[in-house]
Amino acid sequence: MSGKSNSLKKPHWQGVFPAITTQMTRGGALDLDATAKHAEVLIQSGVSGLIFVGSLGENQALTSEEKRCVIEAMTQVVNGRVHVLSGVAESSTAEACRYLRDGERLGLDGFMLMPPMLYKGDARETMAFFRTGAEATGLPITLYNNPISYANDITPEMFAELGDVKNFVALKESSGNVRRITDLHNTVGDRYAIFTGVDDLLLESSIVGIDGWVAGTGIAFPEENQYLWQLTRRGEWAKAREIYRWFTPLLHLDIHVKFVQYIKLAVQECGLGAEWLRPPRLPLTGAERKEVLKVIHHGIATKPAFAENKKHR
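Conventions adopted
- Here the residue index of a chain counts from 1 through its sequence in written order.
- Given that the model is predicted, a residue must reach a pLDDT of at least 70 before its local features are reported, and side-chain atom pairs must reach 80 or more before they are shown or counted; all residues, however, enter totals for whole chains, interfaces and linings.
- To get the side-chain values, all heavy atoms of the structure are used, and hydrogens and water are removed first.
- Pairing between two strands requires that DSSP report at least two bridges joining them.
- Counting from the N terminus, the helices are the DSSP runs of H or I reaching at least four residues and the strands are the DSSP runs of E reaching at least two.
- Contact criterion: two residues are considered in contact whenever any of their non-hydrogen atoms come within 4.5 Å of each other.
- Angles here are taken between N-to-C directions and fall from 0 to 180 degrees, while the axes themselves are lines fitted to C-alpha atoms, restricted in helices to the stretch in contact.
- With a 1.4 Å probe rolled over the protein chains alone, any residue whose accessible area is under 20% of its type maximum counts as buried; one over 50% counts as exposed, and the rest are partly exposed.
- Only buried Ala, Val, Leu, Ile, Met, Phe, Trp, Tyr and Cys residues count toward a nonpolar core, and they belong to the same one when joined by side-chain atoms within 4.5 Å.
- Each residue after the first adds 1.5 Å to the expected span of a helix.
- Residues adjacent in sequence count toward polar contacts only when both atoms are side-chain atoms; beyond that, a polar contact is any pair of N or O atoms within 3.5 Å, and within protein one must be able to donate a hydrogen and the other to accept it.

Concerning the sheet that holds strand β1 (residues 15-16)
Across the sheet, eight strands lie side by side as β1-β8-β7-β6-β5-β4-β3-β2; this open sheet has parallel pairing. Among the strands making up the open sheet, the edge pair consists of β1 and β2 (49-52). Inspection of the sheet shows strand β4 (residues 110-113) paired to strand β5 (residues 141-145) by three bridges, in the parallel sense. In the strand pairing of β5, M112 is matched with T142. Relative to the sheet, helix α3 (residues 64-78) contacts β2 and β3 (83-88), its axis offset from that of β2 by approximately 165°.

Below, the structure is given as structure tokens:
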């Protein structure tokens, strides 16, 4: 394991770790320059880390070579200023292990490991997948629970059983059930850093206790996103509620099956990238596009003013 990773104090990771989109040209080719520019804006907003080629980064629509190309380029762009993680969303254990080894070689700080794609395994199979993945790298790993999207539910009891794996350092909880966070605290204590991965449960999750936020929609509104996070850290709940009520219609964009299209459109409308996607995803059209744009444009027009943001970062 790298010295940089070992030097960090527990909880290993904390703060905002946005999942960033993979920017593309209109024809669907990688646009590394645009991805780098967006990453720079997010770094300047005060995030603690960046997660590339996760679900929002269209992991499964990229070739294995493209994923590695993105990671190699972005680790160089970030250059140690914040943590750089990659999503791992492979369908086989062998491919996941190969990607973990390659990501370590390419300079990543760690990974966000999803259960096997395309197969709903039982608990024994899921646990074996995670353990085998951990053996493929010495880098720290966030385990990702998203039973709504990926059909595998990693329960608090399963996370407790995995507690003996030293490089499992954090959990991304995206079950959509905020009660799970308290169940995790009661079951695993402080063994892991706990992140929420559901944008429109951020405030509720903060109240019951989290260490970090894997933000989605906030990549289009980085200053506002970071300000909301800082309010929760300071326990300024009245101010946090005010910002959250403005933000929530936008945060709802993160939980739709077309969250990639929705968030890429928001990124475009905020001047931070383009909406172009990799098929089978296609840009929004018709009434759906109008409705999503209405939410985005209303959010832009009514953005709260907060002069105190930067001095509290």
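On we go.
Structural notes on the environment of Y150
Position of Y150 relative to the elements: it lies in helix α6 (residues 147-150). Y150 gets classed as buried once you look at its relative accessible area, which sits at 17%. Taking the C-alpha atoms as reference points, Y150 and P115, 35 residues apart in sequence, are found 7.5 Å from one another. In this structure Y150 touches S55, M114, M117 and Y144, once residues within four positions along its chain are discounted.

Notes on the nonpolar core
In this structure, L50, F52, L143 and F168 are the most contacted members of the largest nonpolar core, which totals 99 residues. Setting aside anything within four residues of it in sequence, one finds L143 in contact with L113, F130, F159, L162, F168, A170, L171 and K172.

A word on α3
When the terminal C-alpha atoms of α3 are compared, their 21 Å separation across 15 residues agrees well with the 21 Å that a helix rising 1.5 Å per residue should span. E66, K67, R68, V70, I71, A73, M74, T75 and V78 are the residues of α3 that are buried. Just past α3, the residue N79 takes up positive phi, approximately 55°.

Describing the environment of Y119
Tracing the backbone through its elements, the reader meets Y119 in the loop between β4 and α5 (123-135). Given the relative accessible area of 45%, Y119 is considered partly exposed. When the C-alpha positions of Y119 and I207 are compared, they lie 34 Å apart, and in sequence the two are 88 residues distant. Beyond its immediate stretch of four places on either side in the chain, Y119 contacts E125 and N152. A distance of 2.9 Å separates a polar atom in the side chain of Y119 from a polar atom in the side chain of E125.

By themselves, these are just geometric observations and shouldn't be taken as functional.
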